[in-house]
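Chain and residue survey
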Amino acid sequence: MAGAGEQAAPDSLAVQVDSLYSRAVVEGRGLAPRDLRVLGELLAAAREMQAAKDLEAAAVLVQDALDFIAERRP
Amino acid sequence: MRSGVTRASVARAGVELAGVVRSGVARAGVVRAGVALAGMALATLLSTATAGAELGSAPAARLAGSVPPRTWSFYPNVAFAYDTFGQRYTISDTDTLDLYEELCARLVARVERLGATRLEVENVLSLGQEATRDDFRARLRRGFGRFELRAEGELHSKQYAQDADLDLAGDYLAGTARARGSLRVGDRLWLRVEDRLEFASYASRSRYEYDYQINDLSLELERQYGILSTVRVGGAAGWRTVPDSSAIDYDRWVAAGAWDAEWGSHLTVIETRIERRTYTDSGVRSPYSDGSGRAAAQVALHPRMRLRPEYRLALQRYDLQDSIYADATEHSIELLVEGDASSRAVLALGPRAEFRRVGGDVDRPYDQWSLKGSVSFARGRELYLQFTDEVGKRWYLEGDPTFYSDLVFNWSTLYLTWQPHPRLGLDLFCSLDPEVHEDSTHDTTTLLLSAAVTVGWR
């Protein structure tokens, strides 16, 4: 992810959130449309937390998203 | 059925981005010209991860027809493919682009044996800068009078490069094995039994990538009457085991039914599927019920014009809801008018509406209205092109608009397969999905481009 990491100091949590976010976006494409709606809302919330510099909250949301993908993948 | 051909072609193009391609093609498929309304085989309904190829009434034709002469064929080819996936959104008023791209070379070897026993074996080795993967498939089919046996096996392995963009993803080996017996138990009446085993094994297991095995056993009864008219009912029992976390082992029960009917020059389809899934530890994952249904028709208004109404329903009910795993109901209805502009071109246009109601905090209810259209063009086996577009607006009814506000969307897909020479082919899939929100900081644009050039036997 090119830009998100540039928004804040590249501390380890920011890098981790970026990495997990990228992974959720790419892997989430395999979900059914109705599950994509839930994933889209989770990732939108994570982006908002990133924008608010609340990286801990963003990390929790992205982890929730990856858990959801793991459970709902076809 | 055209959709099967299209999906196969996309798969041939080495599309790693299967999810988006599937949804894109599926969306396109709704308005695709010439899509036979004969619904999917019940086996597809019963399994959530089936390839769905060559199912349904094929045994009838196979057993009734003559046996082709015994021959062996070898179809090698080499392909060069490029895939890219990007998502543009905004954080702190600065545009951000998330991008994944890969260039790879693919070597394909396929052996086919025709005759009383039909055998197909294919291996695809893909070498890219992101990963190396190998996909092996084998199919065996043999008829014994009123009985037909099919066996299929697939193995997929993927090893990521050391400097891959997705360095958190793990190498894996996954596969499926399937055996199916079809018995003609009466005049145009078929009984099918299938067992399907799926497994995945990761080199490095994590919270998101865990080994598992799934086994589904299904039973289906099909009655055929007329050329396109069939009734199918069936059920399945399945279970998943996760060695690292037995708490998320699950059992599931599925019931499904489908009715395809022709009424002179008109066609109707009704499909339904219900699943009940229970986990070993319901405190970790709530048991839930999942249902879906589809009713569609093709009404011949004129020899060159058809009306294609379709209604879909999806339901999810969790025993124990939380903010993410929550009840949801989704209805969609569309009314397309499809016409043959020429013997090669088909146009379709019509309105579509979607209504989602939810019980959780993360997911939000909405109403959505849109206009869909498509253009399809085919010239023999040489060229097939399809462009679809859906423009509409979504209104969220409640929930926190901080993260996601009402939006206007324009979802478009282009699919092209072109074979200018018998040994040269081009496959292209592109989708561009911009979403403009009431709050511009929520805007997103998703882009997928997948292209492949193939030299050899396709």
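Residue indices begin from 1 for each chain and proceed along its sequence in written order. Chain letters and ligand numbers both follow the written order, the letters beginning at A and the numbers at 1. In keeping with the predicted nature of the model, local features appear solely for residues at pLDDT of at least 70, side-chain atom pairs appear and are counted solely at 80 or more, and the whole-chain, interface and lining totals rest on all residues. As a rule here, side-chain values come from all non-hydrogen atoms in the structure, and water together with hydrogens is ignored.

**Re the overall build of chain B**
Secondary structure counts use DSSP, requiring at least four H or I residues in a row for a helix and at least two E residues in a row for a strand, with both numbered from the N terminus. If you tally the helices and strands in chain B, you get 4 helices and 20 strands. The 458 residues of chain B split such that 46% are buried. The protein chains shown are the only cover counted for residues, whose accessible areas, like all others here, come from Shrake-Rupley with a 1.4 Å probe. Counting every atom, chain B has about 21100 Å² of accessible surface; 61% of that belongs to carbon and sulfur. Between buried and exposed lies partly exposed: a residue is buried under 20% and exposed over 50% of the maximum accessible area for its type, with that area taken using a 1.4 Å probe on protein chains only.

**Quick look at the pairing of strand β15 (residues 345-358) of chain B**
Residues and elements named next belong to chain B. Should DSSP find at least two bridges between two strands, the strands are taken to pair. Here 11 bridges tie strand β14 (residues 328-340) to β15, and the two strands are oriented antiparallel to one another. Bridge pairing in β15 places His331 opposite Phe355. Counting the residues that bridge the hairpin from β14 to β15 gives 4 residues. Pairing geometry for β15 and strand β16 (residues 366-379), over 12 bridges, is antiparallel. Note that in β16 the partner of Ala345 across the bridge is Phe377.

**Observations concerning the confidence of the model for chain A**
All names here are of chain A. By definition, pLDDT measures how confident the predictor is in each residue, and it falls between 0 and 100. Mean pLDDT for chain A: 81, with 84% of residues reaching 70 or above. Across chain A, element-level confidence peaks in helix α3 (residues 55-72) with a mean pLDDT of 91 and bottoms out in helix α1 (residues 12-27) with 84. Ignoring residues within four places in sequence, the model shows residues 1-9, a span with pLDDT below 50, making 21 contacts including any to other chains. By definition in these notes, contact holds between two residues if any of their heavy atoms fall within 4.5 Å.

**Some thoughts on the packing of aromatic side chains**
For any two aromatic rings, the description comes down to two numbers: the centre-to-centre distance and the angle of the planes. Within 6.5 Å between ring centres, the rings of Phe, Tyr and Trp (the latter by its six-membered ring) count as paired, and their orientation is classed by plane angle as stacked under 30 degrees, edge-to-face over 60, tilted in between. One pass over the structure, following the stated rule, counts 12 aromatic pairs over all chains. Look at B:Phe409 and B:Trp411: their rings are 4.0 Å apart centre to centre, the planes differ by 20°, and that puts the pair in the stacked class. Accessibility expressed as a relative area gives 12% for B:Trp411, which makes it buried. We call a charge positioned above a ring when the Lys NZ or Arg CZ atom is no farther than 6 Å from the ring centre and deviates by at most 35 degrees from the ring normal. In this structure, A:Arg47 packs its charged tip against the face of B:Tyr89, placed 5.0 Å from the ring centre. It is B:Arg277 that lies over the ring of B:Tyr250; its NZ or CZ is 4.2 Å from the centre.

**So, the pairing of strand β7 (residues 189-202) of chain B**
Residue and element names in this part refer to chain B. Burial along β7 is one-sided: Trp190, Arg192, Glu194, Arg196, Glu198, Ala200 and Tyr202 are buried, while Leu189, Leu191, Val193, Asp195, Leu197, Phe199 and Ser201, pointing the other way, are not. Between the end of strand β6 (residues 172-186) and the start of β7, which pair antiparallel, lie 2 residues, with Arg188 showing a positive phi angle near 65°. As paired elements, β7 and strand β8 (residues 212-224) share 12 bridges and run antiparallel to each other. Paired with Phe199 across the bridge in β8 is Gln213.

**Considering the packing of α1(A) against helix α2 (residues 33-51) of chain A**
The geometry of a pair of packed helices is captured by two quantities: the angle between their axes and the separation between those axes. Residue and element names in this part refer to chain A. Axis separation between α1 and α2 bottoms out at 11 Å; the angle between their running directions is 160°. The angle between α1 and α2 falls in the class roughly antiparallel. Where α1 crosses over α2, the handedness of that crossing is left-handed. Of the residues in α2, those in contact with Val17, Asp18, Tyr21, Ala24 and Val25 of α1 are Leu39, Leu43, Arg47 and Gln50. Classification convention: Asp, Glu, Lys, Arg as charged; Ala, Val, Leu, Ile, Met, Phe, Trp, Tyr, Cys, Pro as nonpolar; all other residues, Gly among them, as polar. Each residue belonging to the contact of α1 with α2 can be placed in one class, and the counts come to 6 nonpolar, 1 polar and 2 charged. Lines fitted to the C-alpha atoms define the axes, with helices restricted to the stretch that makes contact. Angles between their N-to-C directions range from 0 to 180 degrees. Our angle categories are set so that under 35 degrees counts as roughly parallel, over 145 as roughly antiparallel, 65 to 115 as roughly perpendicular, and the remainder as oblique. The hand of a helix crossing depends on one turn: near helix anticlockwise from the far one by less than a right angle means left-handed, and clockwise means right-handed.

**Some thoughts on the side chain of B:Arg277**
Here B:Arg277 is to be found in strand β11 (residues 266-279). Take B:Arg277: its relative accessible area is 7%, and that puts it in the buried class. Polar contacts involving the side chain of B:Arg277 include one to the side chain of B:Glu275, which spans 2.9 Å. Sequence-distant contacts of B:Arg277, that is, excluding residues within four places in its chain, are made with A:Glu71, B:Tyr250, B:Asp251, B:Arg252, B:Pro287 and B:Tyr288. Pairs of N or O atoms within 3.5 Å make up the polar contacts considered here, provided that, within protein, one atom can donate a hydrogen while the other can accept it, and that residues adjacent in sequence are counted only when both atoms are side-chain atoms.

**Structural notes on the packing of α1(A) against α3(A)**
All names here are of chain A. It is the contact of α1 with α3, at a shortest axis distance of 9 Å, that shows an interaxial angle of 30°. As summarised for this structure, α1 and α3 are arranged roughly parallel, according to the angle between their axes. Crossing handedness for the pair α1 and α3: left-handed. Contact with α1, carried on its side by Leu13, Ala14, Gln16, Val17, Leu20, Tyr21, Arg23, Ala24 and Glu27, involves Leu55, Glu56, Ala58, Ala59, Val62, Gln63, Leu66 and Ile69 of α3 and no other residues of that element.

**Re the nonpolar core**
Residues enter a nonpolar core if they are buried and are Ala, Val, Leu, Ile, Met, Phe, Trp, Tyr or Cys, with the set joined through side-chain atoms within 4.5 Å. Core analysis: the largest hydrophobic core is formed by 48 residues, its most contacted members being A:Leu42, A:Leu43, A:Leu66 and B:Ile324. Secondary structure elements with two or more residues in this core: α1, α2 and α3 of chain A together with β1 (71-91), β6, β7 and β8 of chain B. Among residues more than four places away in sequence, those in contact with A:Leu66 are A:Leu20, A:Arg23, A:Ala24 and B:Tyr208. Core analysis: the next-biggest nonpolar cluster, separate from the first, contains 7 residues, B:Tyr366, B:Tyr404, B:Leu407 and B:Trp411 among them.

**Describing the side chain of B:Glu330**
Locating B:Glu330 in the fold gives a position in strand β14. B:Glu330 gets classed as buried once you look at its relative accessible area, which sits at 11%. Among the polar contacts listed, one links the side chain of B:Glu330 to the side chain of A:Arg37, at a separation of 3.1 Å. Within the structure, the side chain of B:Glu330 is placed 2.6 Å from the side chain of B:Arg356, a separation counted as a polar contact. Apart from residues lying up to four places away in sequence, B:Glu330 is in contact with A:Arg34, A:Arg37, B:Arg312, B:Leu313, B:Ala314, B:Glu354, B:Phe355, B:Arg356 and B:Tyr366.

**A word on unusual backbone geometry**
Of note in this structure, A:Lys53 is not a glycine but carries a positive phi near 65°. In this model, B:Arg188 sits at a positive phi of 65°, which is unusual for a non-glycine residue. Checked against the element boundaries, B:Arg188 lands in the loop between β6 and β7. Take B:Arg188: its relative accessible area is 34%, and that puts it in the partly exposed class.

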